[in-house]
Amino acid sequence: LTQHAGDEATLLTEWLATRRGGPVSLLVPSRGEKRKLVSLVAENAAQGLSMSRIRRQSGQGTLEIAMMEIQEALSLPRLPSRVECYDISNISGTHAVGSMVVFQAGTPSKQHYRRFKSKTVGGPNDFAMMQEVVSRKYKRALDEGTSLPDLILIDGGKGQLSAAKSALDSLGLGYIPIIGLAKRLEEVFKPGISQAQSIAKTSPGLFLLSL
């Protein structure tokens, strides 16, 4: 299964068949579970490439350097060892799904990844869905007494950030640092501040946030 057929599909198929010792078919799925699988593999590969880029830039101790840079740039009270990141996607423009990915000490903690289906939001409404997801996640954390993150990252601009901050405030968790990342321009926003935070475009810290 692959994202694109490419110009050398026949050659690639023959080479794979040689390696396998049997026939191989090269497929480009357009929908369904096979398409989801290909997208997941591509996402994991992109994350791995980004992590390698960070390590090459700064050598040993890269991740700690990146986290220290984030802490300084955002005036965080402590090193962001655990970062929980949220994104909202709309399937076919109607079904909203929230995703949470977790970074522990600068590396993905995939066993803590979560997906949230909308329970209260009807139709595509990223702001309302973001508020619902954040509220549900941290209400459960309070109820179960589980640990809270050092930093919450919202994939989106000021609107998504404001919705998530409102959810935290309603739970009495407004003290948890939270930022929004508008990926199109790689701009980082903090609640209540209209201007983007000053983080160098080539910094390891911004690379880590952009993963």
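This structure is a prediction, so every number in the text was calculated from the model and none was measured.

1. Notes on helix H4 (residues 126–144)
Then step 1. The end-to-end C-alpha distance of H4, which contains 19 residues, comes to 27 Å, matching closely the 27 Å that a straight helix rising 1.5 Å per residue would cover.
Then step 2. Along H4, the residues that are buried comprise Met129, Met130, Glu132, Val133, Val134, Lys137, Tyr138 and Ala141.

2. A word on the packing of aromatic side chains
Then step 1. Here the structure, examined in full by the defined rule, presents 1 aromatic pair.
Then step 2. Here the aromatic rings of Tyr86 and Tyr138 are separated by 6.1 Å at their centres, their planes lie at 70°, and the arrangement is edge-to-face. Taken as a pair, Tyr86 in strand E1 (residues 82–91) and Tyr138 in helix H4 lie far apart in primary sequence, 52 residues in all.

3. A closer look at unusual backbone geometry
Then step 1. With a phi angle near 55°, Ser75 is a residue other than glycine that sits in the positive phi range.
Then step 2. Position of Ser75 among the secondary structure elements: in the loop between helix H3 (62–74) and E1.
Then step 3. Despite not being glycine, Ala105 shows a phi value in the positive range, around 55°.
Then step 4. Considering the arrangement of structural elements, one finds Ala105 in the loop between strand E2 (95–104) and strand E3 (107–108).

4. A few points about the pairing of strand E6 (residues 178–182)
Then step 1. Judged by how many residues are buried, E6 sits mostly within the fold: 4 of 5 residues are covered.
Then step 2. When strand E5 (residues 151–155) meets E6, the two strands line up parallel, connected through 4 bridges. In the strand pairing of E6, Ile152 is matched with Ile178.
Then step 3. Chirality of the crossover, the property in question, places the unit of E5, helix H5 (residues 158–170) and E6 among those that are right-handed.
Then step 4. Here 3 bridges tie E6 to strand E7 (residues 187–189), and the two strands are oriented antiparallel to one another. Pairing of Leu181 across the sheet is with Val188, part of E7.

5. Section: empty space enclosed by the protein
Once rolled over the atoms, a probe with the size of a water molecule shows which space is left empty.
Then step 1. All chains considered together, the criterion is met by 1 cavity of 30 Å³ or more.
Then step 2. Estimates place the volume of the largest cavity at around 90 Å³.
Then step 3. If you trace the largest cavity, you find it lined by Met67, Ile70, Pro80, Val83, Cys85, Phe103, Gly106, Leu151, Leu153, Leu208 and Leu209.
Then step 4. Contributions of two or more residues to the lining of the largest cavity are made by H3, E1, E5 and helix H6 (204–210).
Then step 5. Taken together, the residues of the lining of the largest cavity break down into 10 nonpolar, 1 polar and no charged.

6. Quick notes on the packing of H4 against H5
Then step 1. Close contact between H4 and H5 brings their axes to 8 Å; oriented N to C, the two are set at 35°. For H4 against H5, the interelement crossing comes out right-handed. Contacts between H4 and H5 pair Asp126, Phe127, Met130, Gln131, Val134, Ser135 and Tyr138 from the former with Gly159, Gln160, Ala163, Ala164, Ser166, Ala167 and Leu168 from the latter.
Then step 2. The residue inventory of the contact of H4 with H5, partitioned by class, reads 8 nonpolar, 5 polar and 1 charged.

Basis of the calculations
Residues numbered from 1 in each chain as written. Predicted model: local features only at pLDDT ≥ 70, side-chain atom pairs only at ≥ 80, totals over all residues. Heavy atoms only, no water. Helix = DSSP H or I, 4+ residues; strand = E, 2+ residues; numbered from the N terminus. Expected span 1.5 Å × (residues − 1). Buried < 20%, exposed > 50% of the residue type's maximum accessible area, 1.4 Å probe, protein only. Phe/Tyr/Trp six-rings, centres within 6.5 Å; stacked < 30°, edge-to-face > 60°. Pairing = 2+ DSSP bridges. Right-handed = clockwise from strand over helix to strand, strands pointing away. 1 Å grid on protein atoms, 1.4 Å probe; cavity = no way out; pocket = protein on both sides within 12 Å on 5 of 7 lines; lining within 4 Å. Points joined across faces, edges and corners; volume = space filled by probe spheres on them. Nonpolar A, V, L, I, M, F, W, Y, C, P; charged D, E, K, R; others polar. Axes fitted to C-alpha atoms, helices over the stretch in contact; angles between N-to-C directions. Left-handed = near helix turned anticlockwise from the far one by under 90°. Contact = heavy atoms within 4.5 Å.

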